[in-house]
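# Understanding the architecture of this molecule
What follows is each chain in one-letter form.
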Protein chains: 2
Amino acid sequence: MSTTTAPTRLLSPDELEAALRAIGAERYHNLHPFHRALHDGKLHKAQVQAWALNRYYYQARIPAKDATLLARLPTTELRREWRRRVEDHDGTSPETGGIARWLKLTDGLGLDRAYVESLEGLLPTTRFAVDAYVHFVGERPILEAIASSLTELFSPTIISERVSGMLRNYNFITEETLAYFKPRLTQAPQDSAFALAYVKEHARTPEQQQAVLAALRFKCDVLWSMLDALDYSYVLPGRIPPGAFRPDTTA
Amino acid sequence: MSTTTAPTRLLSPDELEAALRAIGAERYHNLHPFHRALHDGKLHKAQVQAWALNRYYYQARIPAKDATLLARLPTTELRREWRRRVEDHDGTSPETGGIARWLKLTDGLGLDRAYVESLEGLLPTTRFAVDAYVHFVGERPILEAIASSLTELFSPTIISERVSGMLRNYNFITEETLAYFKPRLTQAPQDSAFALAYVKEHARTPEQQQAVLAALRFKCDVLWSMLDALDYSYVLPGRIPPGAFRPDTTA
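Thresholds, definitions, all that
- Residues numbered from 1 in each chain as written.
- Chains lettered and ligands numbered in written order.
- Predicted model: local features only at pLDDT ≥ 70, side-chain atom pairs only at ≥ 80, totals over all residues.
- Heavy atoms only, no water.
- UniProt positions renumbered as here; feature names shortened; annotations may be inferred.
- Contact = heavy atoms within 4.5 Å.
- Buried area = accessible area lost by both parts, 1.4 Å probe.
- Salt bridge = Lys/Arg side-chain N within 4 Å of Asp/Glu carboxyl O.
- Helix = DSSP H or I, 4+ residues; strand = E, 2+ residues; numbered from the N terminus.
- Nonpolar A, V, L, I, M, F, W, Y, C, P; charged D, E, K, R; others polar.
- Phe/Tyr/Trp six-rings, centres within 6.5 Å; stacked < 30°, edge-to-face > 60°.
- Buried < 20%, exposed > 50% of the residue type's maximum accessible area, 1.4 Å probe, protein only.
- Lys NZ or Arg CZ within 6 Å of the ring centre and 35° of its normal.

Per an unreviewed UniProt entry, chain A goes by Pyrroloquinoline-quinone synthase and derives from Acetobacter peroxydans. Recorded in UniProt under Pathway (unreviewed entry), the annotation for chain A is "Cofactor biosynthesis; pyrroloquinoline quinone biosynthesis."

## A closer look at the interface of chain A and chain B
Contact residues are listed per partner, giving 25 residues for chain A and 25 residues for chain B. Regarding the contact of chain A and chain B, the summed buried area is about 2100 Å², with carbon and sulfur atoms giving 66% of it. Three residues stand out in chain A for area buried against chain B, namely Phe128, Tyr232 and Pro242 of chain A, and they jointly supply 31% of the buried area on that side. Counting every contact that joins chain A to chain B gives 2 salt bridges. For the side of chain A that touches chain B, the secondary-structure elements that each account for two or more residues are helix H1 (13-27), helix H7 (124-139) and helix H11 (206-234) of chain A. The dominant element in the side of chain A that touches chain B, judged by the number of residues it contributes, is H11 of chain A, at 8 residues. For the side of chain A that touches chain B, a count of residues per class yields 13 nonpolar, 5 polar and 7 charged.

## Details of the packing of aromatic side chains
Residue and element names in this part refer to chain A. With the rule as written, the count across this model stands at 25 aromatic pairs over all chains. Where tyrosine 28 meets phenylalanine 154, the ring centres are 5.4 Å apart and the plane angle is 55 degrees; that geometry is what we call tilted. One end of the pair, tyrosine 28, is in the loop between H1 and helix H2 (33-39); the other, phenylalanine 154, is in the loop between helix H8 (142-147) and helix H9 (155-169), and 126 residues separate them in sequence. We note that tyrosine 28, like phenylalanine 154, is buried. By way of ring pairs, the aromatic residues Trp51, Trp102, Tyr180 and Phe181 are connected into one cluster. In this arrangement the basic side chain of arginine 85 is found over the ring face of tryptophan 82, its NZ or CZ atom lying 3.9 Å from the centre. Just above the ring of tyrosine 57 sits the side chain of arginine 127; from NZ or CZ to the centre is 5.5 Å.

Here it is, written out as structure tokens:
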């Protein structure tokens, strides 16, 4: 079934869930050639560095994305749920939270922390894709903003593949440098269970359901665009745009 | 000289202009391999279609970009100048203006007009890059918003190369399908002369000058990102993302 020509009749909540999962099966970035190369040990260290450096910007903007939505949520109950996401990423003290754990990965890969945090070497396409996500959550109806988080339905699979594949295939990767991912294996299902229940309950017209499906496609596009740019710039054909990270030739 | 490590002393207006032109010489998208292939006749018709289809979104959002800035400009004089840009792109009656002329190009390439206007086949990276430009102009200081238009300093060169190269190299391209470009040869210099004079007069601190230079680098990044995505998706390695335009195999 092509997801872009989905029928506009009202779906049952379970049909809506099935349509959301079908989008993941077609468009989630675990299917991207760059991710497969990353997990299968096909990349050089410099290419893994480029991935971690660019993905850092995504991690760093997630609390801004969630705070943007937090500011728009109408009830204490919803805000408590969404505030937990900001806490997961920003932590409760220095060196805790998802962003700090991501920096352990870039540290472990030998990238200078100040350089990573400066965003100087970012691919412009990474910036545009991530910023598109933050803007989406600020501008679209709350139902669509929540639906755009539903890529987390699919992330436990990719995280398991990534951790086992990267540990097996790269001698420069250790359990400690992959510390980011372990808590996500419990956080992501908790987050996505809430968001899935929310959209199944609140998407009550065919138009709302189609908007929910479009929001998830949009989010898949964000993640896919980031990998297209990494692949183009650092793998095939390997054309790094002006100003972006150029791997140290000694790496 | 690396433009990212430019000195932070105050530049004279002419030094600022030279620094702006140096950014164009390093980063304007006439240097991108996709554009060189386009102008040199190295692309198949389907690849030229993909370019025209994606670039349509840029053209279609330019009036929104300019209207966003128009709404923020403080004086009648500035608004008159900027309103002319909206008129150039939207025209004064049906089938006039830059967007209508761009659709003559997509028509001439055999693309269905309703499909082009639907934006369905757009590369997500095109959307994110163009939207980043519209957001930039809405969110940044007016000085930077105006500076981001300065890629027009460099466009007459690329347009001349493009028109002569495409007419010479592609039997499916005619003067009529390239009608978009001819008026731009006079509009762009008029626009960029105003914007250049404005930033030379109003960037009065080293910080403002650096922000002006960064705004132009940002805009070059927008155009470059669009070509990276076209090259990746339709040329090398030719991986079209889910949902994007797939050329008719008979084209």
